[in-house]
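# Topology and contacts: notes
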Amino acid sequence: MVNFFAAYIGFSGPIDLIRAIVDISIVAYVVYTIVKLVKETRAWQLIKGILIILVISYVSGFLGLRTVKFLFDNSIQLISIAIVVLFQPELRRVLEQLGRSNIVSFFGFDDGNNIIKTTAVIEEIVKAAGEMSRTSTGAIIVIEKDTKIGEIINTGTQLDSNVSAELLINIFTPNTPLHDGAVIIRNNKIKSAACFLPLTDNPNLSKELGTRHRAALGITEVSDSITVVVSEETGKISFALAGGLTRNLTTDTLRKALNKNLLERDTPNRKLALWKVKPK
């Protein structure tokens, strides 16, 4: 077995061994990066289905089930074409991102710079929420995480602007063109404004929660997005995540909630405990 493996990788000395380790490490890291990008997105479910088909195809070939293997082999070819058609926007976005970035950012070595940008965005959101709470200006701000919500972004007006408290306040000022709807933040940019969100189907919500809060819960039920809501009636700040709602936040508690779920999102068991909406 050792001789077969050595012949397969062309191992004939220490240099070849180092080369093989580097080769395998690069491939493993690229696969890990791709899995990390698509996990918890629409594509992840499709990839799991493809893996199952590949396993069945391999097992059927090993057992000599020619008809089953033929069907699944042809299914893989059709699925390859379907992936290009169904995920054309996502594929184009990845290629554009590769064209705009360098090799360092692609492999994820610029986390420090990203943390700085995210921290600055959090401060701008907190500042805007505090001011809109003081003036009882209704607002709903959605922060996209891993699950892409491009279909929601496309319902609004495209901006692609830097996040600033002044811009957020101006967007939600009553009687302005973009105030009615949600702002979507993607990759530390205001991607779109005046977006339409799906409403929650939770029948146990309190009657005092209006359409804005129901929309905030709705988007968090179909994605892993975070939503910050300012009530137009009371000026109170709320925070929605994973179908849960935390109400009556101060700017300090809002900052802590955003920090824990955006900056410390990869740290286990440190997410903010939400007060789930209870039956009335």
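The structure displayed is predicted, hence computed values, not measured ones.

## Re the overall build of the chain
The secondary structure content of the chain amounts to eleven helices and seven strands. In the chain, which comprises 280 residues, the proportion classed as buried is 32%. Counting only contacts in the chain whose residues sit at least 6 apart along the sequence, the fraction spanning at least 24 positions is 60%. Entry remark: accessible area of the chain is about 17400 Å², with carbon and sulfur atoms responsible for 62%.

## Some remarks on a nonpolar patch on the surface
On the surface, a cluster of nonpolar side chains totalling about 890 Å² of accessible area is made up of Ile52, Val55, Ile56, Tyr58, Val59, Phe62, Leu63, Leu65 and Val68. The element contributing the most residues to the nonpolar patch is helix H3 (residues 42-63), with seven residues. Note on placement: Leu63 falls in helix H3. Overall, Leu63 belongs to the exposed group, its relative accessible area being 55%.

## Notes on the nonpolar core
Judged by nonpolar contacts, the single largest core of 30 residues is most densely connected at Ile125, Leu254 and Leu258. Elements represented by at least two residues in this core include exactly helix H7 (111-134), strand E1 (139-143), helix H9 (165-171), strand E3 (182-186), strand E4 (189-195), strand E5 (226-230), strand E6 (237-241) and helix H11 (251-263). Sort the elements by how many residues they give to this core and H7 lands first, with seven residues. Apart from residues no more than four positions distant in its own chain, Ile125 is found in contact with Ile141, Ile143, Val163, Leu168, Ile185, Val228 and Leu258. If you look at the next biggest cluster of nonpolar residues, it comprises 18 residues, including Ile152, Leu197, Leu205 and Leu245.

## Describing the side chain of Lys145
Inspection of the secondary structure puts Lys145 in the loop between E1 and helix H8 (150-153). No salt bridge forms around the buried Lys145; measuring N to O, its nearest opposite-charge neighbour Asp224 is 5.3 Å away. Among the polar contacts listed, one links the side chain of Lys145 to the backbone oxygen of Asn261, at a separation of 3.4 Å.

## What to know about the confidence of the model for the chain
Mean pLDDT over the chain stands at 77; residues scoring 70 or higher make up 74%. Contacts from residues 266-280, a stretch scored under 50 in pLDDT, to residues over four places away or in other chains number 29 contacts.

## Thoughts on the pattern of salt bridges
Summed over all chains, the structure comprises seven salt bridges. Where Lys127 meets Glu166, a salt bridge forms, and the shortest distance between an N and an O atom there is 3.4 Å. Taken together, the positions of Lys127 in helix H7 and Glu166 in helix H9 put the pair 39 residues apart, joining distant regions of the chain. In this structure, Glu232 and Arg212 form a salt bridge, with 3.7 Å as the shortest nitrogen-oxygen distance. Here the residue Glu232 occupies a position in the loop between E5 and E6, and Arg212 occupies one in helix H10 (residues 211-222), the gap between them amounting to 20 residues. Given a relative accessible area of 42%, Glu232 falls into the partly exposed group. Taken together, the salt bridges that share partners define one network made up of Glu123, Asp252 and Arg255.

## A short note on the pairing of E6
Taking burial as the measure, the five residues of E6 include five buried ones, the bulk of the element. Adjacent in sequence and paired antiparallel, E5 and E6 are bridged by six residues, among which Gly235 carries a positive phi angle near 75 degrees. The antiparallel pairing of E6 with strand E7 (residues 244-249) creates a hairpin that spans two residues between the two strands, and Ala242 there sits at a positive phi of about 55 degrees.

Rules and cut-offs
- Residues numbered from 1 in each chain as written.
- Predicted model: local features only at pLDDT ≥ 70, side-chain atom pairs only at ≥ 80, totals over all residues.
- Heavy atoms only, no water.
- Helix = DSSP H or I, 4+ residues; strand = E, 2+ residues; numbered from the N terminus.
- Buried < 20%, exposed > 50% of the residue type's maximum accessible area, 1.4 Å probe, protein only.
- Contact = heavy atoms within 4.5 Å.
- Areas by Shrake-Rupley, 256 points an atom, 1.4 Å probe, with all protein chains shown as cover.
- Patch = residues over 30% accessible without salt bridge, like charges linked within 9 Å, V, L, I, M, F, W, Y side chains within 5 Å.
- Salt bridge = Lys/Arg side-chain N within 4 Å of Asp/Glu carboxyl O.
- Core = buried A, V, L, I, M, F, W, Y, C linked by side-chain atoms within 4.5 Å.
- Lys, Arg positive; Asp, Glu negative; His and termini not counted.
- Polar contact = N/O pair within 3.5 Å; in protein donor to acceptor, adjacent residues only side chain to side chain.
- pLDDT = per-residue confidence, 0-100.
- Pairing = 2+ DSSP bridges.

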